[in-house]
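Report on the structure
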Amino acid sequence: MAKLIDGRAIAKKVYVDLRREIGELKARGVTPGLAVVLVGDNPASRAYVRSKDKMCRELGLHSVKLELPASTTQKELLERVKELNRNSSVHGILIQSPPPEHIDEAAIVRALDPRKDVDGFHPENVAKLVLDDASGFVPCTPLGVQRLLTESKIEINGAHVVVLGRSMIVGKPLALLLMQKNRNGNATVTVVHSRSRDLAEITRSADIIVAAIGRAEFVKADHVREGAVVIDVGINRVEDAASERGYRLVGDVAFDEVSKKASAITPVPGGVGPMTIAMLMANTLKAARQ
Ligand code: GUN
C-alpha cells in the first residue's frame, strides 16, 4: 500500500513560513495584496476563486475579488486589468482560467504587468522559467507539485518524471521546472499527452508520474511501475446520485488500484489542490517583496 502524501499537512507547514514573512512585510508597512478576477459563472472556477479569497483573508492579505458577468467584453476586461496594473495596493493579479469563449485569454495575459503575474502565465515569466531566471513567477500548480515532492523527501534529482498533459497551466511549466539545473530539478522529464503512442509503456518507466491530463481516473494500475510515486493533479466532477451535491471529485488517477502499486500517492481532494493555493500566496509575497 502506498504512503499517502498529505497536501493539507504540507500546505500548513508552508503557511507557517508565509505567516512569518507576512509579519515582516507588514512591519515594513507593506500589506501584500492579491486581486482575483472571475469572468462568468463556471461553478468550479467560482469555488476556486472563493477559496483563494478566503485564504488571503485568513493570512491577513489585502484581497480584491472581482466577479464580472459572462457578458463582459474583451475591451472591458482589458480596462480592468490595466486598472489593477496601476493599483499600488495590488501586488498580484490572477485571472481565473478558463474565461468565457469570446475572451482572448492570451491577449489578456499579455496585458498583465509581468511583475504582478503571480500565475506565471505572461510570456516574460514563461521565458524566465525556460532561462532558469529565478526572478520570474512560476505557475502555482507546478510549484506545488515540486514542493510536495521535496517536502516528502522524494528524490527528483536524476529521476525519470513522466508528466501526463501538456497544458500551459500545468504540464508544460512543470516539465520545465523539474528539468531545471538546480537542487530541486535535474530530472529526466518525459511529457506524454492525448496523442502519444505507447503511453502506458512510457509511464511504466517513470520513477514519478504526474497526472495532469484532465480525464477522470485515466491512470490505471497498468500505467504504473511497482514502487513509483504518483502525483494526481486532476480534479474532475463525476456524477454521483448518492452524493448530496450530485457529484463527487475524482482525480486523473484510479486511486484504489494505483495506490496498491505505488510507493507514495496524493489523494484527491487533499493532495495538490491545497498546495496550489499555498504557492499562489507565496508568489503574492514574492511580488510584494519585489
Ligand atoms: N484555472 C485552473 N488552475 C488555474 C490557475 O492556477 N490559475 C488560473 N488563473 N486559473 C486556473
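This text goes with the structure placed above it.
Read on for a plain summary of the structure. (Residues numbered from 1 in each chain as written. Predicted model: local features only at pLDDT ≥ 70, side-chain atom pairs only at ≥ 80, totals over all residues. Heavy atoms only, no water.)

**Some points on the overall build of the chain**
Within the chain one finds 10 helices and 11 strands. Taking 2.2 N^0.38 as the reference for a compact globule, 290 residues should give roughly 19 Å; the C-alpha atoms of the chain span a radius of gyration of 19 Å, in line with that estimate. The principal-axis extent of the C-alpha atoms belonging to the chain is close to 50 × 45 × 35 Å. Residue burial in the chain is summarised as follows: out of 290 residues, 52% are buried. Of the roughly 13,900 Å² of accessible surface on the chain, 51% is carried by carbon and sulfur atoms. Taking the average location of the 41 positive side-chain charges in the chain and that of its 35 negative ones, the two points are 4 Å from each other. (Helix = DSSP H or I, 4+ residues; strand = E, 2+ residues; numbered from the N terminus. Rg over C-alpha atoms; globule rule 2.2 N^0.38 Å. Buried < 20%, exposed > 50% of the residue type's maximum accessible area, 1.4 Å probe, protein only. Areas by Shrake-Rupley, 256 points an atom, 1.4 Å probe, with all protein chains shown as cover. Lys, Arg positive; Asp, Glu negative; His and termini not counted. Charge placed at Lys NZ, Arg CZ, Asp CG, Glu CD.)

**Here's the deal with helix α6 (residues 140-151)**
If you check α6, its first and last C-alpha atoms are 16 Å apart, about what 12 residues at 1.5 Å a residue would give, namely 16 Å. The buried count for α6 comes to nine of 12 residues, which makes it a mostly enclosed element. For α6, the elements touching its buried residues are α1 (7-27), α7 (171-179), β7 (208-211), β8 (229-232) and α10 (272-289). Positive phi shows up at Lys153, right after α6, with a value of about 60 degrees. (Expected span 1.5 Å × (residues − 1). Contact = heavy atoms within 4.5 Å.)

**Here we look at unusual backbone geometry**
Here the amide bond leading from Ser97 into Pro98 is cis, since omega sits at 0 degrees, within 30 degrees of zero. If you trace the backbone, Pro98 turns up in the loop between β4 (92-95) and α4 (105-111). Cis peptide bonds are those with omega within 30 degrees of zero, and the linkage from Val268 to Pro269 qualifies with -5 degrees. Take Pro269: it is sitting in the loop between β11 (264-265) and α10. For Asn186, which is not glycine, the phi torsion reads 60 degrees and is therefore positive. Looking at where Asn186 falls in the secondary structure, it is placed in the loop between α7 and β6 (188-192). Despite not being glycine, Asp198 has its phi angle at roughly 50 degrees, a positive value.

**Notes on the pattern of salt bridges**
All told, the structure shown has 11 salt bridges when counted by the stated rule. Salt-bridge contacts for Glu21 lead to Arg289; the nearest nitrogen and oxygen are separated by 2.5 Å. Of this pair, Glu21 sits in helix α1 while Arg289 sits in helix α10, and the two are 268 residues apart along the sequence. On the basis of relative accessibility, which here comes to 45%, the residue Arg289 falls in the partly exposed class. Note that Asp207 and Arg225 form a salt bridge whose closest N and O atoms lie 3.1 Å from each other. Of this pair, Asp207 sits in the loop between α8 (199-203) and β7 while Arg225 sits in the loop between β7 and β8, and the two are 18 residues apart along the sequence. You can call Asp207 partly exposed: its relative accessible area is 31%. Given the relative accessible area of 32%, Arg225 is considered partly exposed. In this structure, a network of salt bridges that share partners links the residues Lys13, Arg147 and Glu151. (Salt bridge = Lys/Arg side-chain N within 4 Å of Asp/Glu carboxyl O.)

**Focus: the site of the ligand**
As a structural note, the neighbourhood of the ligand is formed by Leu94, Ile95, Gln96, Ser97, Asp119, Phe121 and Ile169. Within the contact set of the ligand, a nitrogen atom lies 3.1 Å away from a side-chain nitrogen or oxygen of Gln96. Taking Asp119, its side chain carries an N or O atom lying 2.5 Å from a nitrogen atom of the ligand. Alone, the ligand offers 280 Å² of accessible surface; in the complex the protein occludes 83% of this. Across the shell around the ligand, the residue classes break down as four nonpolar, two polar and one charged. (Near = heavy atom within 4 Å. Polar contact = N/O pair within 3.5 Å; in protein donor to acceptor, adjacent residues only side chain to side chain. Nonpolar A, V, L, I, M, F, W, Y, C, P; charged D, E, K, R; others polar.)

**Some points on a negative patch on the surface**
A contiguous patch of negative charge on the surface is contributed by Glu217, Asp222, Asp256 and Glu257. Residue Glu257 is classed as partly exposed on the basis of its relative accessible area, which comes to 37%. (Patch = residues over 30% accessible without salt bridge, like charges linked within 9 Å, V, L, I, M, F, W, Y side chains within 5 Å.)

**Description of the environment of Ala262**
Here Ala262 is to be found in the loop between α9 (255-258) and β11. The class for Ala262 is buried, based on a relative accessible area of 6%. The spacing of Ala262 and Asn184 is 78 residues in sequence and 22 Å in space, taken between C-alpha atoms. For Ala262, the residues in contact, after removing those within four places along its chain, are Met1, Ala2, Gly227, Ala228 and Val230.

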